[in-house]
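Structural description and commentary
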Amino acid sequence: MPMKITIQNIRKSYHSSQILNGVSMEAEEGSMTCILGKNGCGKSTLLSILAGIVRADSGSFLFRQGDSPDIDLFRRRMDASRLIGYVPQSTPLLEELTALDNLRLWYTGGKSVLRQELESGVLKDLDIDSFLHKNVRTLSGGMKKRLSIGCALAHHPRILLLDEPGAALDLIAKDQIVTWLKKFCTQGGIVLLASHELGEIENCSRAYVLKDGCAEPLDHKVGGVHLAALL
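Below is a summary of the structure that appears in this document.

What counts, and where the lines are drawn
- Residues numbered from 1 in each chain as written.
- Predicted model: local features only at pLDDT ≥ 70, side-chain atom pairs only at ≥ 80, totals over all residues.
- Heavy atoms only, no water.
- Helix = DSSP H or I, 4+ residues; strand = E, 2+ residues; numbered from the N terminus.
- Rg over C-alpha atoms; globule rule 2.2 N^0.38 Å.
- Contact = heavy atoms within 4.5 Å.
- Areas by Shrake-Rupley, 256 points an atom, 1.4 Å probe, with all protein chains shown as cover.
- 1 Å grid on protein atoms, 1.4 Å probe; cavity = no way out; pocket = protein on both sides within 12 Å on 5 of 7 lines; lining within 4 Å.
- Points joined across faces, edges and corners; volume = space filled by probe spheres on them.
- Buried < 20%, exposed > 50% of the residue type's maximum accessible area, 1.4 Å probe, protein only.
- Axes fitted to C-alpha atoms, helices over the stretch in contact; angles between N-to-C directions.
- Parallel < 35°, antiparallel > 145°, perpendicular 65-115°, else oblique.
- Left-handed = near helix turned anticlockwise from the far one by under 90°.
- Nonpolar A, V, L, I, M, F, W, Y, C, P; charged D, E, K, R; others polar.
- Pairing = 2+ DSSP bridges.

This paragraph deals with the overall build of the chain. In terms of regular secondary structure, the chain is built from eight helices and 10 strands. Taking 231 residues into account, the globule formula puts the C-alpha radius of gyration at 17 Å, and the chain, at 17 Å, falls close to it. Along the first, second and third principal axes, the C-alpha atoms of the chain reach 45 × 40 × 35 Å. Considering only contacts in the chain between residues 6 or more positions apart, those separated by 24 or more positions represent 67%. Just so you have it, the chain exposes about 11,400 Å², and 50% of that area is on carbon and sulfur atoms.

This is the structure in structure tokens:
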């Protein structure tokens, strides 16, 4: 049954500064949606709110599966933790451990579950088995980002939130991540990402520009959009 998320009127202020002033947007099953905007406009704040890391001052984050009633993921935190995977811009990895040791901290279903994902699941798709026993501090930026995504997917979420996934990566690493994100969408997932990367943006089916604390939808095709004209 198809699913959909609806973000309604999210507001957030820090002291006297209004960061988000009624942000609303929506995304459907199998879609990749991009949040555009200048540095400091609130993209990271919005994603951290949706991920449950930061509390919004007001607003709702609704999830609907088929004809079932909406679930507010801000109020239903158990459902949110089951449905949402979050990859922040800074790495959540423990640098002194190997890639495998980091995965073991996230994949709590036992060795057999982790082994299956490495042999034929998402970790295989992300090519993590190629650097499994390397210390994280020795990994390239692209490897760390793929490992971070792999950790975020340990509980098989339906919604994936990513903050600048391609930032500071080389072209090959960026392409690997975009290729996998497209596969995640074809399998019915929902991707919501903040980005400045044209390669990511042009693969999105919808985009919103975050400006003056509000999200403005783009009415035309995302691919080929001149970013400077939007911000």
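The discussion continues.
A separate point is the layout of surface pockets. Approximately 270 Å³ is the volume attributed to the largest pocket. Put simply, the second largest pocket is a space of about 220 Å³. Around the second largest pocket sit 13 residues that line it, and His156, Pro157, Trp180, Phe184 and Gln187 are the ones nearest its centre. Breaking the lining of the second largest pocket down by element, the ones donating at least two residues are α5 (122–125) and α7 (171–186).

For Thr45, the position within the fold is in helix α1 (residues 43–50). Among the residues examined, Thr45 registers a relative accessible area of 15% and is labelled buried. Sequence-distant contacts of Thr45, defined by excluding residues within four places in its chain, comprise Lys12, Tyr14, Ile19 and Leu20.

Where helix α6 (residues 141–152) contacts α7, the two axes come as close as 9 Å, and the packing angle between them is 20°. Compared by their axis directions, α6 and α7 come out roughly parallel. For the pair α6 and α7, the sense of crossing is right-handed. Between α6 and α7, the residues in contact are Gly142, Lys145, Arg146 and Ile149 and Ala173, Gln176, Ile177 and Trp180, respectively. Residue composition of the contact of α6 with α7, by class: four nonpolar, two polar and two charged.

In space, the six strands of this open sheet follow the order β6-β7-β8-β3-β9-β10, with mixed pairing throughout. Every other strand in the sheet has two partners, leaving β6 (84–87) and β10 (214–217) as the edge strands with one partner each. In this sheet, adjacent strand axes meet at a mean angle of 20° when their direction is disregarded. Pairing analysis gives four bridges linking strand β3 (residues 32–36) to strand β8 (residues 190–194), with the strands arranged parallel. When the sheet's bridge partners are listed, Thr33 is paired in β8 with Leu192. Lying on the sheet, α6 is in contact with β6 and β7 (159–163); it crosses β6 at an angle near 160°. Packed onto the sheet, α7 meets β3, β7 and β8 and runs at close to 145° relative to β8.

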